[in-house]
Amino acid sequence: MKLRLAAVLAVTALAASACSGSDSEEPATVPDDQVIQPADGTPSGFTETDLGAVSIAVPSDWDKQPEAQPAENITSTVWRGQLQDGIATGGVDVRVITNPQQPADKASQALAISAMATLGGRNIEPQEIVWPKASSAYFLEYEAQAPIPTASPSPSASPAVTPELATRTLVLDLADGTQVQVTALSADSEDVPAEVLSTVVVQVEPTQD
């Protein structure tokens, strides 16, 4: 049974963004009023996974898919939510990019343009945020409208369902030149994607003098 949720996630994660250098400085404090806050521990009912550059926690009933490499410098790890009527209700794609072609600010702008052009997102404005151990961080939030066909389409089947998907993306530049793009979405709850992103923990230590 092959679903298209992974394809929807892939549309929101454009190929590669460049390594941006970072000056050594005191780590910034996450503002109390920031649109997304790092989680204080793993939420109840979530399972944590270490992906090397970052770790992330996702709902325990989401299924981890085989790791993919859409480009030589990109490793993609996808979790897919449970099925309802043959359609996945949510998921997340974590892309670890070595030698990216664009820094996080430009990568987030490219993701916004792609989402507006292909997923029906409107007025998407990347927001610069502070994320622990990241040298640069941006956050996007929007409602995506992308067709997700049923698991067993047939010539007589009704047109593809186009659920509205609450979609949230975190783009992080790390001190070692790696970039991480995390896109989470849900057809059931606007809270779930942000909750998943809040669990992202950078494993790469900031550069020290």
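Quick caveat, the model's predicted, so the values are computed rather than measured. (Residues numbered from 1 in each chain as written. Predicted model: local features only at pLDDT ≥ 70, side-chain atom pairs only at ≥ 80, totals over all residues. Heavy atoms only, no water.)

1. Brief notes about the overall build of the chain
Part 1 of the argument: Counting its secondary structure elements, the chain contains three helices and 13 strands.
Part 2 of the argument: Long-range pairs, those at least 24 residues apart, make up 63% of the contacts in the chain with a sequence separation of at least 6.
Part 3 of the argument: In the structure as shown, the chain presents an accessible area of about 10500 Å², 46% of it carried by carbon and sulfur atoms. (Helix = DSSP H or I, 4+ residues; strand = E, 2+ residues; numbered from the N terminus. Contact = heavy atoms within 4.5 Å. Areas by Shrake-Rupley, 256 points an atom, 1.4 Å probe, with all protein chains shown as cover.)

2. Comments concerning helix H2 (residues 104-118)
Part 1 of the argument: For H2, with 15 residues, the first-to-last C-alpha span of 21 Å sits near the 21 Å given by 1.5 Å per residue.
Part 2 of the argument: Every buried residue of H2 is accounted for by Ala104, Ala107, Ser108, Leu111, Ala112, Ser114 and Ala115. For H2, the arc enclosing every buried residue in end-on projection is 165°, short of the 170-degree limit, so these residues lie on one face. Relative to its buried face, H2 has exposed residues pointing more than 90 degrees away, namely Ile113 and Ala117.
Part 3 of the argument: Among the residues trailing H2, Gly120 stands out with phi positive, at a value near 75°. (Expected span 1.5 Å × (residues − 1). Buried < 20%, exposed > 50% of the residue type's maximum accessible area, 1.4 Å probe, protein only. Arc of directions from axis to C-beta.)

3. A closer look at the pairing of strand E4 (residues 68-71)
Part 1 of the argument: Pairing between E4 and strand E5 (residues 74-80): two bridges, direction antiparallel. Bridging across to E5, Ala68 finds its partner in Ser76.
Part 2 of the argument: Connecting E4 to the antiparallel partner E5 that follows it, the hairpin turn spans two residues. (Pairing = 2+ DSSP bridges.)

4. Considerations on the packing of aromatic side chains
Part 1 of the argument: In total, this model carries zero aromatic pairs according to the counting rule given.
Part 2 of the argument: Lying over the aromatic face of Trp79, Lys64 brings its terminal NZ or CZ to 5.9 Å of the ring centre. (Phe/Tyr/Trp six-rings, centres within 6.5 Å; stacked < 30°, edge-to-face > 60°. Lys NZ or Arg CZ within 6 Å of the ring centre and 35° of its normal.)

5. As for the nonpolar core
Part 1 of the argument: Among the nonpolar cores identified, the biggest contains 28 residues, and Ile56, Val92, Trp131, Leu172 and Val182 are the most heavily contacted of them.
Part 2 of the argument: Secondary structure elements with two or more residues in this core: strand E2 (54-59), strand E8 (90-97), strand E10 (136-145), strand E11 (164-173), strand E12 (179-186) and helix H3 (191-198).
Part 3 of the argument: Of all the elements, E2 adds the most residues to this core, at four residues.
Part 4 of the argument: Apart from residues lying up to four places away in sequence, Leu172 is in contact with Trp131, Ala134, Ser136, Ala137, Thr178, Gln179, Val180, Val200 and Val202.
Part 5 of the argument: Tyr142, Leu165, Val171 and Leu185 belong to the second-largest nonpolar core, a separate cluster that totals 14 residues. (Core = buried A, V, L, I, M, F, W, Y, C linked by side-chain atoms within 4.5 Å.)

6. Re the pairing of E10
Every regular strand shows the same layout, with side chains that alternate between the two sheet faces.
Part 1 of the argument: Extensive coverage of E10 is indicated by the burial of seven of its ten residues.
Part 2 of the argument: Two elements, strand E9 (residues 127-129) and E10, share three bridges in a ladder whose sense is antiparallel. Looking across to E10, one finds that Ile129 is bridged to Ala137.
Part 3 of the argument: Remark: six residues form the turn of the hairpin made by E9 and E10, two consecutive strands paired antiparallel; Lys133 in that turn has positive phi of roughly 75°.
Part 4 of the argument: Pairing of E10 with E11 involves ten bridges; the strand directions are antiparallel. Across the sheet, the residue bridging to Glu141 is Arg168, located in E11.

7. Things to note about the sheet that holds strand E13 (residues 201-202)
Part 1 of the argument: Spatially, the three strands line up as an open sheet ordered E1-E2-E13, and their pairing is antiparallel. This sheet does not close on itself; its edge strands, each paired only once, are strand E1 (46-50) and E13.

8. Observations regarding unusual backbone geometry
Part 1 of the argument: A positive phi angle is found at Asn99, which is not glycine, with a value near 50°.
Part 2 of the argument: Asn99 sits in the exposed class, given a relative accessible area of 63%.
Part 3 of the argument: Even without a glycine there, the phi angle at Asn123 is positive, about 50°.
Part 4 of the argument: Mapped onto the secondary structure, Asn123 falls in the loop between H2 and E9.

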